[in-house]
Amino acid sequence: MRSVLRLFQKSARQPWAIQPVRNMFIQTQTTPNPNSLKFVPGIQVLDHIGTYDFNSIESSRVSPLARQLFRIDGVTRVFIATDFISVTKDDNDQAWNLLKPDIFACLMDFFASNQPVILDDASLGSSDTIINADDDETTIMIKELLDTRIRPTVQEDGGDIRFVSFEDGIVKLALQGSCSGCPSSSVTLKNGIENMMQFYVPEVLSVEAVDDEIAKMQKKVFEETDEKLNGEKGEK
């Protein structure tokens, strides 16, 4: 997530590591979060604009790919974007050199199977910056700034930022992917995102991180579905 700071000062990128997997080349890139890696399979991952963030196997019912990755011991979070996947592991659980072969094999097998990355009936993609009829001018400027200047840079580091609300001068954002739990996220939030917001939108007094509402929604949908299925089994 520290990549946003480069909007104000340049910093060196981590070198790309190209890993051959059978007949595919999957690129990996380190992120500011030591427990998260970015995997670029060299093909389009999503056939539409948007991102999906899953923090448990229960929340990944809409994504066959995420479900497969969660079956790997040590994987705790999966973030899917248009052309990459970020995978987060347990803190101090397994070393990346032990996890990466399983992740490479999982990605290769999945894309060879031609399964959909996201099911057709899924409706939890990123729509946070869509301009609504009741958005005031300041909120519209904030959303446009997120989409054009901040989000693309954050996604370079395997994460994303979701707009939650703007009220009383406070912008609330949810951190996703490698940004979630990143040691440098709080610094980037204040020194990078907040400074940029205040420069372009003087009405912004501060920027705060909040829990991801989409993850909560996914969990709620899963719990309601699971409860319904269990009820139908009980009736039988």
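Summary of the structure given here. (Residues numbered from 1 in each chain as written. Predicted model: local features only at pLDDT ≥ 70, side-chain atom pairs only at ≥ 80, totals over all residues. Heavy atoms only, no water.)

Regarding the overall build of the chain
A tally of helices and strands in the chain yields five helices and nine strands. Along the chain, helices (α) and strands (β) appear in the sequence β-β-β-β-α-β-β-α-α-β-β-α-β-α when read from the amino end. Each of the 236 residues in the chain was classed as buried or not, and the buried ones make up 48%. Expressed as a percentage of contacts within the chain between residues at least 6 apart in sequence, the contacts between residues at least 24 apart total 62%. In the form shown here, the chain has an accessible surface area of approximately 12200 Å², with 49% of it arising from carbon and sulfur atoms. (Helix = DSSP H or I, 4+ residues; strand = E, 2+ residues; numbered from the N terminus. Buried < 20%, exposed > 50% of the residue type's maximum accessible area, 1.4 Å probe, protein only. Contact = heavy atoms within 4.5 Å. Areas by Shrake-Rupley, 256 points an atom, 1.4 Å probe, with all protein chains shown as cover.)

Brief notes about the pattern of salt bridges
For the structure on display, the rule yields four salt bridges. Taking the shortest distance from any N to any O, the salt bridge between Arg77 and Asp53 comes out at 2.6 Å. Taken together, the residues Arg77 in strand 5 (residues 75-80) and Asp53 in strand 4 (residues 52-54) connect sequence positions 24 residues apart. Judged by its relative accessible area of 12%, Arg77 falls in the buried class. When the shortest N-O distance is used, the salt bridge between Asp147 and Arg151 registers 3.0 Å. (Salt bridge = Lys/Arg side-chain N within 4 Å of Asp/Glu carboxyl O.)

What to know about the pairing of strand 8 (residues 170-177)
Among the eight residues of strand 8, six are classified as buried, and the element is accordingly described as predominantly covered. Summarising the sheet, strand 7 (residues 159-167) and strand 8 pair through eight bridges and their orientation is antiparallel. By the bridge assignment, Asp160 is partnered in strand 8 with Gln176. Hairpin connection from strand 7 to strand 8: two residues lie between these consecutive antiparallel strands, with Asp168 at a positive phi of about 55°. (Pairing = 2+ DSSP bridges.)

So, the environment of Asp73
Among the structural elements, Asp73 can be located in the loop between helix 1 (64-70) and strand 5. Residue class for Asp73 comes out exposed when judged on its relative accessible area of 60%. Ignoring sequence-local partners within four residues, the contact set of Asp73 consists of Gln94 and Leu99.

Considerations on the nonpolar core
The nonpolar side chains of a soluble globular protein tend to be buried, and buried together. Counting residues in hydrophobic clusters, the biggest one holds 30 residues, and the most contacted among them are Leu69, Ile80 and Ile85. Contributing elements (two or more residues each) for this core: strand 2 (24-30), strand 3 (36-40), strand 4, helix 1, strand 5, strand 6 (85-89) and helix 2 (96-113). Ranked by residues supplied to this core, first place goes to helix 2 with nine residues. Other than its neighbours up to four places away in sequence, Ile85 contacts Leu37, Lys38, Phe39, Pro41, Val45, Leu65, Leu69, Val78, Phe79, Ile80, Leu107 and Phe111. Counting 18 residues, the second-largest nonpolar core is a separate cluster that includes Val171, Leu189, Met196 and Met197. (Core = buried A, V, L, I, M, F, W, Y, C linked by side-chain atoms within 4.5 Å.)

Focus: the packing of aromatic side chains
Under the criterion given, the structure shown has five aromatic pairs. Between Phe39 and Phe104 the ring centres are 5.7 Å apart and the planes differ by 75°, which places this aromatic pair in the edge-to-face class. With Phe39 in strand 3 and Phe104 in helix 2, this pair connects stretches of sequence that are 65 residues apart. Residue classification places Phe104 among the buried positions, given a relative accessible area of 7%. Plain terms: the ring middles of Phe79 and Phe84 are 6.0 Å apart, the flat faces sit at 40° to each other, and that makes the pair tilted. For the pair Phe79 and Phe84, one class covers both residues: buried. We note Lys38 situated over the ring of Phe84; from NZ or CZ to the ring centre the distance is 4.5 Å. (Phe/Tyr/Trp six-rings, centres within 6.5 Å; stacked < 30°, edge-to-face > 60°. Lys NZ or Arg CZ within 6 Å of the ring centre and 35° of its normal.)

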